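The primary structure of each chain is shown beneath.
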Amino acid sequence: YYPETVQAGGSFDLGGIVKSSATAVLETVEVQILAQDGTVVQTASVSPSAGGSEWSLREVNGQIRFGTLAEGVYVFRIYAADSAGHTLEFRRLFSVSASQQTSTLYYWSESLTQQAA
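Residue indices follow the written sequence of each chain, beginning from 1 at its first position. Two thresholds apply to this predicted model, a pLDDT of at least 70 for residue-level local features and 80 or more for giving and counting side-chain atom pairs, whereas whole-chain, interface and lining totals are computed over all residues. Excluding hydrogens and water, the side-chain figures rest on all heavy atoms present in the structure.

**Brief notes about the overall build of the protein chain**
Where we set the bar: Helix and strand definitions follow DSSP, with helices as H or I runs of at least four residues and strands as E runs of at least two, each counted in order from the N terminus. Exposure is judged per residue with a 1.4 Å probe applied to protein chains only, and the accessible area is read against the type maximum: over 50% gives exposed, under 20% gives buried, and values in between give partly exposed. We call two residues in contact whenever any of their non-hydrogen atoms come within 4.5 Å of each other. For the area figures, the Shrake-Rupley method with a 1.4 Å probe applies, and any residue is considered shielded solely by the protein chains shown.
Check the secondary structure of the protein chain and you find zero helices and nine strands. Listing every helix and strand of the protein chain by position from the N terminus yields β-β-β-β-β-β-β-β-β. Counting only residues that meet the buried cut, the protein chain has 40% of its 117 residues in that class. Of all intrachain contacts in the protein chain linking residues separated by at least 6 positions in sequence, the fraction that spans at least 24 positions is 66%. A total of about 6300 Å² of accessible surface is found on the protein chain, and carbon and sulfur atoms cover 46% of it.

**A word on the packing of aromatic side chains**
Stated precisely, the cut-off is as follows: A pair of aromatic rings is counted whenever rings of Phe, Tyr or Trp (Trp by its six-membered ring) have centres within 6.5 Å, and the orientation is called stacked for planes under 30 degrees apart, edge-to-face for over 60 and tilted otherwise.
The tally for this structure, following the rule as stated, stands at three aromatic pairs. With a centroid separation of 5.4 Å and an interplanar angle of 75 degrees, the aromatic rings of Phe12 and Phe66 are classed as edge-to-face. Here Phe66 lies in the loop between strand S5 (54-56) and strand S6 (72-82) and Phe12 lies in the loop between strand S1 (2-7) and strand S2 (17-19), a separation of 54 residues in the sequence. As far as the burial class goes, Phe12 and Phe66 line up, both buried. Between Tyr74 and Phe94, the aromatic rings sit 5.7 Å apart at their centres with planes inclined by 25 degrees, giving stacked as the arrangement. Of this pair, Tyr74 sits in strand S6 while Phe94 sits in strand S7 (residues 86-97), and the two are 20 residues apart along the sequence. Residue classification places Phe94 among the buried residues on the basis of a relative accessible area of 2%.

**A word on the pattern of salt bridges**
To keep it simple, the criterion reads: For this analysis, a salt bridge means a side-chain nitrogen from Lys or Arg found within 4 Å of a carboxyl oxygen belonging to Asp or Glu.
Under the criterion given, the structure shown has four salt bridges. In this structure, Glu54 and Lys19 form a salt bridge, with 3.7 Å as the shortest nitrogen-oxygen distance. One end of the pair, Glu54, is in strand S5; the other, Lys19, is in strand S2, with 35 residues separating them in the sequence. Residue Arg91 pairs with Glu89 through a salt bridge whose shortest N-O separation is 2.8 Å. Relative accessible area serves as the criterion here: at 45%, Glu89 is assigned to the partly exposed category. Linked by salt bridges that have partners in common, Glu30, Arg77, Glu89 and Arg91 make up one network.

**Considering the pairing of strand S3 (residues 26-35)**
Just so we agree on the cut-off: When DSSP finds two or more bridges between two strands, those strands count as paired.
Pairing geometry for S3 and S6, over nine bridges, is antiparallel. Counterpart to Ala35 in the pairing with S6 is Tyr74. Here S3 pairs with strand S4 (residues 40-46) via six bridges, running antiparallel. Counterpart to Gln32 in the pairing with S4 is Thr43. Two successive antiparallel strands, S3 and S4, enclose a turn made up of four residues, where Gly38 displays a positive phi of approximately 95 degrees.

**Description of the nonpolar core**
Definition in use: Take the buried residues of types Ala, Val, Leu, Ile, Met, Phe, Trp, Tyr and Cys, join any two whose side-chain atoms come within 4.5 Å, and each joined set is a nonpolar core.
Formed by 26 residues in total, the largest nonpolar core has its most connected members in Leu14, Val31, Trp55, Phe66, Phe76 and Phe94. At the level of elements, S1, S3, S4, S6 and S7 are the ones that each hand at least two residues to this core. With residues near it in sequence (within four places) discarded, Phe66 still touches Pro3, Val6, Gly10, Phe12, Leu14, Ile33, Phe76 and Phe94.

Given below as structure tokens:
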């Protein structure tokens with residue numbers, strides 16, 4: 001899951017699983033927070049364990065720190081690639097607000113797909 005809104009100074013723990021295509025293994029997963037202009041604000045790049053077809057976003061909760069972000073609108077991005085050449089890119093806008101509003105989260109589900117030629 002990913003946030004839609006986060007309270008400034010508050011924390012948010014990512015969740016969810018990235019899975020490779022049926023006959024492949026994950027090679028790369030990158031989780032980022034971008035400014036609206038595309039500038040990378042935070043990033044966590046990982047190489048999942050050898051031979052693994054699944055990877056949990058919880059593994060980057062110590063590297064992606066929502067509580068350090070200033071108020072504003074950001075892009076949450078996940079990129080993954082597997083050994084069969086399939087890729088996934090997931091992007092969603094979220095905001096950081098000073099209001100006492102509780103963080104809102106949404107679930108996502110996507111599959112790695114073959115890159116266009």
